[in-house]
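Breakdown of the fold
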Amino acid sequence: MPDLNTWLLISPELILTVFGLLIIVIDLVGREKSHAVLPWVAILGFILAIATIPYLAQDQTIFAGMYAIDKFAFFFKAIGAIGGILTVLISIDFLRTRTPAKGDFYLLLTFAVLATMMMASSTSLLMIYLSIEFLSYMSYLLAGFLREDKKSNEAAIKYFLYGAVTSALMLYGLSLLYGISGSLNLADLTKQFAASSDLSVKALGIVSFTLLLAGFGFKISAVPFHQWAPDVYEGAPTPVVAFLSVGSKAAGFALLLRVALTAFPTFHAEWIALLSVVAMMTMTLGNLVALQQTNVKRLLAYSSIAQAGYMLIGVIAANVSGASPFMGLNGVLIYLAAYLFTNLGAFVIVVAIENATGAVEIPEYAGLVKRAPLLAALFVVFFLSLAGIPPTVGFIGKFFVFGAALREGFLLLAAVGVINSVISVFYYFSIIRAAFFEEPKDATLIRVPGVMTASVAICAALVLLLAVFPQSLIDLAGMGMGMFGIARP
Amino acid sequence: MIPLQYFLLLGAAMFCLGLYGALARRNAIAILIGIELMLNAVNINLVAFWRYIKPANPAFELAGQVFALFVITLAAAEAGIGLALVIAIYRSRDTVNVEDVNLMKW
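Residues numbered from 1 in each chain as written. Chains lettered and ligands numbered in written order. Predicted model: local features only at pLDDT ≥ 70, side-chain atom pairs only at ≥ 80, totals over all residues. Heavy atoms only, no water.

When you go through chain B residue by residue, the secondary structure sums to 3 helices and 0 strands. The N-to-C order of helical and strand elements in chain B reads α-α-α. Relative to the 2.2 N^0.38 estimate, which gives 13 Å for 106 residues, the radius of gyration of chain B is 18 Å and therefore markedly larger than a compact globule would have. With respect to the three principal axes, the spread of C-alpha positions in chain B is 55 × 25 × 25 Å. When each of the 106 residues of chain B is scored for burial, the buried share is 40%. Counting contacts in chain B only where the partners sit at least 6 residues apart, residues at least 24 apart contribute 60% of the total. Accessible surface, chain B: about 6000 Å² in total, of which carbon and sulfur atoms supply 67%. Side chains of chain B give 7 positive and 6 negative charges; the mean places of these two sets differ by 3 Å. (Helix = DSSP H or I, 4+ residues; strand = E, 2+ residues; numbered from the N terminus. Rg over C-alpha atoms; globule rule 2.2 N^0.38 Å. Buried < 20%, exposed > 50% of the residue type's maximum accessible area, 1.4 Å probe, protein only. Contact = heavy atoms within 4.5 Å. Areas by Shrake-Rupley, 256 points an atom, 1.4 Å probe, with all protein chains shown as cover. Lys, Arg positive; Asp, Glu negative; His and termini not counted. Charge placed at Lys NZ, Arg CZ, Asp CG, Glu CD.)

Next comes the structure, spelled out in structure tokens:
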């Protein structure tokens, strides 16, 4: 039985579990009267979970080596919890008219964030499977949360079927990995790979990594496991989409990085080749298809597929042995933090407009600048950041990721990335063009609730401030490279 | 004793059948059955490996069995969620054929 200190090390997870259950109890007892309190209970849980993190920074694994307590995991836990807070803030107004079951929604969301935290810490095959499935189940339910809405139903079933097949593929890979080492820990697997010169072990290793990539690729929406993304983004409730695009993607990257760097260092050349192909396809397909989209949510889906491609460049260029500002790994962390505020900020605006007018098509955004000048102006900020144009934090992220690719000599990847960034400007600015240079059909002002204005302002401020003063973010990401089981200078 | 390969071949064959079913069928329930078949193929793998491989780390003596138990549990949870979603789509659309579920297309 683990002692009290071990339990304290997972206090962020425990806090979220308690608050999730608390939400459902409050909902049961208070009924409709309690609905105004629930989002703030969830937010309090997220804040407490983040607040405990600085007190836990220890490099160790607990529960027989199945769960890592390291700075890398903490970085992703913070990203998940911040994503959770912003998602709750945009859900309040969105849910008001759409569903009576508010308690269930916040419960599922809190547990989804809990699942992302567990993914970030998993160092055993069993924990990888359990945490990925936990997040998947919560996401399926959230995607289909609006039961009366045909599109929400359709999004959920498509998400579920893609997810179940890819997770079965991943599970088959996990069973092969168990067969290789007879152990569930990634650390034992690493030793086994390093000690064995057997060709069949090598072949099994490569096959298993490819199978695992199906599960991870599904979470980060990398080609060819991306097909769910456009439909889910279009059909699912928009706050859920905002969470999936950031929280779920970040957790997927956490697992991919941890597994690739700690369990598969002996297959470095092989997984780099595999991921390079995936990254190039992901960037190019995401951007080219995004050019033809007219639905803003669908456009953001293809944009988020393309962004996953850029982040994959950082994974490929990840070098943990040198000493340089461009380590690849820190590039991914900076990029994810930048993407968190940028993409969630953009989604706040999409939700605000959807709530006020029901509009999700680009032509309906015509003349937005006259109807909601603040939202239109901040849209420009977020799209600049998504396209990676200074002075926004998206530029800092791209700078570090592409810098690492150049340093490690992946010139082709960097070139494809830069060309794709240029392409992405076209579709981001098709929305801006509609918002600024076309005449509105209906010139009434769009009313935005205070909570939404506040959250969009915070996101925009961070997007600009972190770009002008990037040092704190760079330091945090540098610290976040502390992954258990890899040597650091 | 039956060699390990036989179990692995059975597992691989079952997995491929399940994958084929999941990809080729158009009925959401049939796809779910294919997925269950894939998960059970994994269970065969796990238990066979457990029987034949002695782990270096004694903490993982029962790992294969325990993993298989978790897979069975999660398969049940997955079927629960999957069938709930199928019922939801059946109520709103009167079909469980995934080709007819096509409000959204690129």
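We now examine the pattern of salt bridges. Within the structure shown, the criterion is met by 15 salt bridges over all chains. Close ionic contact of E13 of chain A with K77 of chain A constitutes a salt bridge, the shortest N to O distance being 2.7 Å. Here the residue E13 of chain A occupies a position in helix α2 (residues 11-30), and K77 of chain A occupies one in helix α4 (residues 71-98), the gap between them amounting to 64 residues. The same class applies to E13 of chain A and to K77 of chain A, which are both buried. For E234 of chain A, the salt bridge goes to K151 of chain A, with nearest N and O atoms at 2.9 Å. Of the two residues, E234 of chain A sits in helix α10 (residues 228-235) while K151 of chain A sits in helix α7 (residues 150-181), which places them 83 residues apart along the sequence. By relative accessible area, which is 12% here, E234 of chain A ends up buried. Residue K151 of chain A is classed as partly exposed on the basis of its relative accessible area of 29%. Each of K151, E154, K158, D231, E234 and R298 of chain A together with R93 of chain B takes part in one network of salt bridges that share partners. (Salt bridge = Lys/Arg side-chain N within 4 Å of Asp/Glu carboxyl O.)

Attention now goes to the nonpolar core. Ranked by size, the top nonpolar core spans 232 residues in total, and within it F253, F264, W271, L312 and F379 of chain A together with F67 of chain B carry the most contacts. Here this core gets 20 residues from one element, more than from any other, and that element is helix α14 (residues 329-357) of chain A. Setting aside anything within four residues of it in sequence, one finds F264 of chain A in contact with L177, F193, G205, F209, L212, V259 and W271 of chain A. (Core = buried A, V, L, I, M, F, W, Y, C linked by side-chain atoms within 4.5 Å.)

These figures come from the coordinates and say nothing about function on their own.
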